[in-house]
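Spelled out, the chains give:
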Amino acid sequence: GLTRVDLALKMACFGVVSDPASRQTCDPVTKGLAPEPRLSGGLDLATLPAPGSWPDARQVSCHGQVPPGMTCIPGGVFLLGTEHFFPATTATDPLPQRLVLLAPFALDTSEVTVGQVRALVREQGLPPPDEPNTSGSSTMRTEACTYRGVDDGSNDGAPANCLPWVTADRACQALGKRLPTESEWEYAARNLEEESLYPWGTDPDACDHAIVAHGFGGFVDATECEDPMSTKSYGPIAGGSALDVTELGVLNLAGNVSEWVEDRFAPYAGGCWSGSAPLVDPACASGPAGHSIRGGSWQDATYNANSTSRTESLTDEASEAVGFRCAVSM
């Protein structure tokens, strides 16, 4: 015959791993391991908490006035990472997923521009980004660098690129802000608890939505989104794509330039991301020589437009594919 049993899965036990060998599982009161309960049927559904009543799952609004040019990202909880991804390396795979709780913050609506960086170079002594360079091999050229010099405002609307992590970090501080954490960046790009695969939603056509795969056409760079009949030059463009936008209005998280974030790079299986769930405002402060980079760029393949895609770069390296945006705790 058949025996019906009911088991209530409480969020207090999320992330607590059972031990089948010793027949122990999570006790939702202590969040520790305890002997398995003997299950029976007839659970009274009226006694269970209603969906959405878990306190950590409730959105928390930004406190105070959101700075100009920024978008409020309400605090809440979400699953960092996904089981749907393009396998690149084990270290960059967005697994295992981690439950993360974030406080509200504000995020730059658009990428930091050449004009903003040029003002910081002139007024606050920020180290200037690299300027265009057409010499060298096809993999070493930097003609797509957007900065033209401290006195040249011809490209002020383009996203700043060709600068190392330390310059991006210093620029955000000079603006009274900070780099977003990796969790904050992904939370905004995935439309909060909606956890969409792309900033614009679920449509996989990245070529139609974002500035991606417009590379040189050489061995390194993806070109599947290039129009063979177009004369548009490669590189990031001012304003990016209006279709690369989240529900809250944050632009170009999937393409144009990839973006430095605060965290040192570490696999999600590593110590930085371990601990009891949920992880509260996590930021990986220790690790190898590199920092995490989020989002796709004009130079990347379309799979990098996925909101969970992550890569790393040495902290002192600069790339014409990488820029940044800033955040403020709210």
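As a starting point, this report considers the structure included with it. (Residues numbered from 1 in each chain as written. Predicted model: local features only at pLDDT ≥ 70, side-chain atom pairs only at ≥ 80, totals over all residues. Heavy atoms only, no water.)

A look at the overall build of the protein
Step number 1: Helix and strand counts for the protein come out as 4 helices and 12 strands.
Step number 2: For the protein, the C-alpha atoms occupy an extent of roughly 75 × 45 × 35 Å along the three principal directions.
Step number 3: Residues classed as buried in the protein amount to 45% of the 330 residues present.
Step number 4: Long-range pairs, those at least 24 residues apart, make up 70% of the contacts in the protein with a sequence separation of at least 6. (Helix = DSSP H or I, 4+ residues; strand = E, 2+ residues; numbered from the N terminus. Buried < 20%, exposed > 50% of the residue type's maximum accessible area, 1.4 Å probe, protein only. Contact = heavy atoms within 4.5 Å.)

Here we look at the packing of aromatic side chains
Step number 1: One pass over the full model with this rule turns up 4 aromatic pairs.
Step number 2: Here the aromatic rings of Tyr-198 and Trp-200 are separated by 5.1 Å at their centres, their planes lie at 10 degrees, and the arrangement is stacked. The same class applies to Tyr-198 and to Trp-200, which are both buried.
Step number 3: Aromatic pair Tyr-268 and Trp-273: ring centres 5.3 Å apart, planes at 75 degrees, arrangement edge-to-face. (Phe/Tyr/Trp six-rings, centres within 6.5 Å; stacked < 30°, edge-to-face > 60°.)

Focus: the pattern of salt bridges
Step number 1: Taken as a whole and judged by the stated rule, the model has 11 salt bridges.
Step number 2: Residue Arg-23 is joined to Glu-36 by a salt bridge in which the shortest nitrogen-to-oxygen separation is 3.4 Å. Of this pair, Arg-23 sits in the segment before β1 (24–26) while Glu-36 is found in the loop between β2 (33–35) and β3 (70–73), placing the two residues 13 residues apart along the sequence.
Step number 3: A salt bridge links Arg-294 to Glu-186, with the nearest nitrogen and oxygen atoms 2.8 Å apart. Here Glu-186 lies in helix α3 (residues 182–189) and Arg-294 lies in strand β9 (residues 290–294), a separation of 108 residues in the sequence. Just as Arg-294 is buried, Glu-186 falls in that class too.
Step number 4: Because the salt bridges share partners, they merge into one network encompassing Glu-182, Glu-186, Arg-190, Arg-294 and Arg-310. (Salt bridge = Lys/Arg side-chain N within 4 Å of Asp/Glu carboxyl O.)

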